[in-house]
Amino acid sequence: MSALVVFAVAALASFGLRASMVLAGGTRLAGAWTERLPLVAPVMLGAIVASSLTVDRGQATAPSLASLAAVGAAAVGVRRTGSLSAALAIGFPVFWVISAVGLG
Amino acid sequence: MTAIDNPLPAAPHASPVRAAVRSTVPLALPVAPFAFAIGSSMATAGIPLVAGWGGGALLLAGTAQLSAIEVLGDGGGLWTAVGIATLVNLRFVLYSAGLRVWFAGAPRWRTLVFAAALVDQTFMLCERAFATNDDPEWRWRYYATVSAVLVAVFLGLQPLGYLAGNVLPAGAGLEMAAPLVFAGMLATAVRRRVDLFAATVSAVTVVAAAPLPGGLALPLAAVFGLTLGVSLEARR
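## Remarks on the overall build of chain B
Here is step 1: Assigned secondary structure in chain B consists of 12 helices and 0 strands.
Here is step 2: For chain B, the proportion of its 236 residues judged to be buried stands at 56%.
Here is step 3: For chain B, contacts bridging at least 24 residues in sequence account for 73% of all contacts bridging at least 6.

Here it is in structure tokens:
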């Protein structure tokens, strides 16, 4: 149930963000945010990718070659195709092949 | 849900429902693997389907949902998960400005109801479509249809991902679904050198700070990455 509580509280906060300009009005706030917002996605995604590959229950661990190669291939695939589906379509086979040959 | 390419704008006099469906389907397809990744991540993180899926229905933001699942799965604190999900959703402030402009003159309560379903794709589609159509009724119908299609795909596929996560063997590597999707999103989010710099700073920080208690590593990484990124931008 704690997961549901997390999502519910996050949903409330997110609704506040979604409704913020409707309630507050004006575009001055949006202008200030515009300068910093482009950095938010790279920062959060960089941290999350690194964390999901190298952190296990609060301890830093060395990522497997298969997972590193899969993530790299997924990034290149999406960058080249422009489609998020490529992340799974390319990343999973790379992961499976490298794991299967014993390098994972 | 995620940011992807813009489709062509809707014709000014097309039926709003038909125009919305035609525009949304290409954008809804990439949502499918994302929803699947969320479902399988819920399973591997040990989050019950009802809690994860119900929470997803409340949150309606895939990146934030997946981020919170990752934090919870790594044993992070509840407030850390909430904080990360909220940080990830900061971009909604900008989208909110769009709502205000599109539906100026409409009852505020109605705009607020529609704000609940505001996601990346809704914003992108409406921004294009509304540039050629300022009829309020057309806009509302278009917005509602886009939201309905996206929500149906997004929520409809999460249980399938969850079931796959529970049925497939551990060697299938379904725990990789989330990092793969995030890596793909990172590849599209990094457009400038400063983006790459900030992402690298946050990645290094989160690993270095992993032993800190209470799931502090991610918030710390966010603060470091944003602060140093903004500093670098200011210097240039």
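So much for the structure itself; the text now carries on.
## Digging into the overall build of chain A
Here is step 1: Regarding its fold elements, chain A presents 4 helices and 2 strands.
Here is step 2: In chain A, the succession of α and β elements from N to C terminus is α-α-β-β-α-α.
Here is step 3: Contacts in chain A between residues far apart in sequence, at least 24 positions, make up 36% of those at least 6 positions apart.

## Side note on helix H3 (residues 65-81) of chain A
Here is step 1: Taking 1.5 Å per residue as the helical rise, H3(A) with its 17 residues ought to reach 24 Å, and the 24 Å between its terminal C-alpha atoms agrees with that figure.
Here is step 2: Among the residues making up H3(A), those that are buried are Ala66(A), Ser67(A), Ala70(A), Val71(A), Ala73(A), Ala74(A), Ala75(A), Gly77(A) and Val78(A).

## Some points on the interface of chain B and chain A
Here is step 1: Listed per partner, the contact involves 81 residues of chain B and 68 residues of chain A.
Here is step 2: Each residue belonging to the side of chain B that touches chain A can be placed in one class, and the counts come to 55 nonpolar, 19 polar and 7 charged.

## A word on the nonpolar core
Here is step 1: With 118 residues, the main nonpolar core has Ala68(B), Leu180(B), Val181(B) and Leu186(B) as its most contacted residues.
Here is step 2: The element best represented in this core is helix H2 (residues 28-54) of chain A, accounting for 11 residues.
Here is step 3: When residues are assigned to domains, this core turns out to be shared by domain 1 (16-170) and domain 2 (190-236) of chain B, each giving three or more.
Here is step 4: When sequence neighbours within four positions are dropped, the list of residues in contact with Ala68(B) reads Val6(A), Phe7(A), Ala10(A), Ala81(B), Ile84(B) and Ala85(B).

## With respect to the confidence of the model for chain B
Residue and element names in this part refer to chain B.
Here is step 1: In the predicted model, chain B carries a mean pLDDT of 83, and the fraction of residues at 70 or more is 91%.
Here is step 2: Per-element confidence in chain B ranges from a low mean pLDDT of 80 for helix H8 (residues 120-129) to a high of 94 for helix H11 (residues 193-208).
Here is step 3: In the predicted structure, residues 2-9 sits below a pLDDT of 50 and forms 21 contacts with residues beyond four places in sequence or in another chain.
Here is step 4: With a pTM of 0.68, the predicted complex shows an ipTM of 0.82.

## Re the packing of helix H1 (residues 2-24) of chain A against helix H6 (residues 92-102) of chain B
Here is step 1: Orientation of H1(A) relative to H6(B), taken along the N-to-C sense of each, is 40°, at an axis distance of 6 Å. Between H1(A) and H6(B), the angle is such that the two are oblique. In this structure, the crossing between H1(A) and H6(B) has a hand that is right-handed. For the pair formed by H1(A) and H6(B), the contact residues are Ser14(A), Leu17(A), Arg18(A), Ala19(A), Ser20(A), Met21(A) and Val22(A) on the first element and Phe92(B), Val93(B), Tyr95(B), Ser96(B), Ala97(B), Leu99(B) and Arg100(B) on the second.

## Here's the deal with the confidence of the model for chain A
Here is step 1: For chain A, per-residue confidence averages 84 on the pLDDT scale, and residues scoring 70 or more make up 84% of the total.
Here is step 2: Element-level pLDDT for chain A is lowest in strand S1 (residues 55-56) of chain A, with a mean of 72, against a maximum mean of 94 in H3(A).

## Description of helix H4 (residues 85-100) of chain A
Here is step 1: Given a rise of 1.5 Å per residue, 16 residues ought to cover 22 Å, and the 23 Å separating the end C-alpha atoms of H4(A) matches this to within 8%.
Here is step 2: Of all the residues in H4(A), the buried ones are Ala86(A), Ala87(A), Leu88(A), Ile90(A), Gly91(A), Phe92(A), Val94(A), Phe95(A) and Ser99(A).
Here is step 3: Looking at the packing, one finds that the buried side of H4(A) touches H3 of chain A together with helix H2 (31-44) and helix H10 (177-189) of chain B.
Here is step 4: Two residues or fewer after H4(A) comes Gly102(A), characterised by a positive phi angle close to 85°.

## So, the packing of H8(B) against helix H9 (residues 136-167) of chain B
Residue and element names in this part refer to chain B.
Here is step 1: Between H8 and H9, the shortest axis-to-axis distance is 10 Å and the interhelical angle comes to 150°. Comparing the axis directions of H8 and H9 gives the class roughly antiparallel. Remark: the crossing between H8 and H9 carries right-handed chirality. Contacts between H8 and H9 involve Gln121, Thr122, Leu125, Cys126 and Ala129 on the former and, on the latter, Tyr142, Tyr143, Val146, Ser147 and Leu150.
Here is step 2: Split by residue class, the contact of H8 with H9 holds 7 nonpolar, 3 polar and no charged.

## Some remarks on unusual backbone geometry
Residues and elements named next belong to chain B.
Here is step 1: Unlike most non-glycine residues, Leu60 shows phi in positive territory, near 50°.
Here is step 2: Mapped onto the elements, Leu60 comes out in the loop between helix H3 (49-59) and helix H4 (62-73).
Here is step 3: A tally of 24 C-beta atoms within 10 Å means that Leu60 is categorised as buried.

Thresholds applied
Residues numbered from 1 in each chain as written. Chains lettered and ligands numbered in written order. Predicted model: local features only at pLDDT ≥ 70, side-chain atom pairs only at ≥ 80, totals over all residues. Helix = DSSP H or I, 4+ residues; strand = E, 2+ residues; numbered from the N terminus. Buried ≥ 20, exposed ≤ 12 C-beta atoms within 10 Å, placed from the backbone. Contact = placed C-beta atoms within 7 Å. Expected span 1.5 Å × (residues − 1). Nonpolar A, V, L, I, M, F, W, Y, C, P; charged D, E, K, R; others polar. Core = buried A, V, L, I, M, F, W, Y, C linked by C-beta atoms within 7 Å. Domains from an automatic or database assignment. pLDDT = per-residue confidence, 0-100. Axes fitted to C-alpha atoms, helices over the stretch in contact; angles between N-to-C directions. Parallel < 35°, antiparallel > 145°, perpendicular 65-115°, else oblique. Left-handed = near helix turned anticlockwise from the far one by under 90°.

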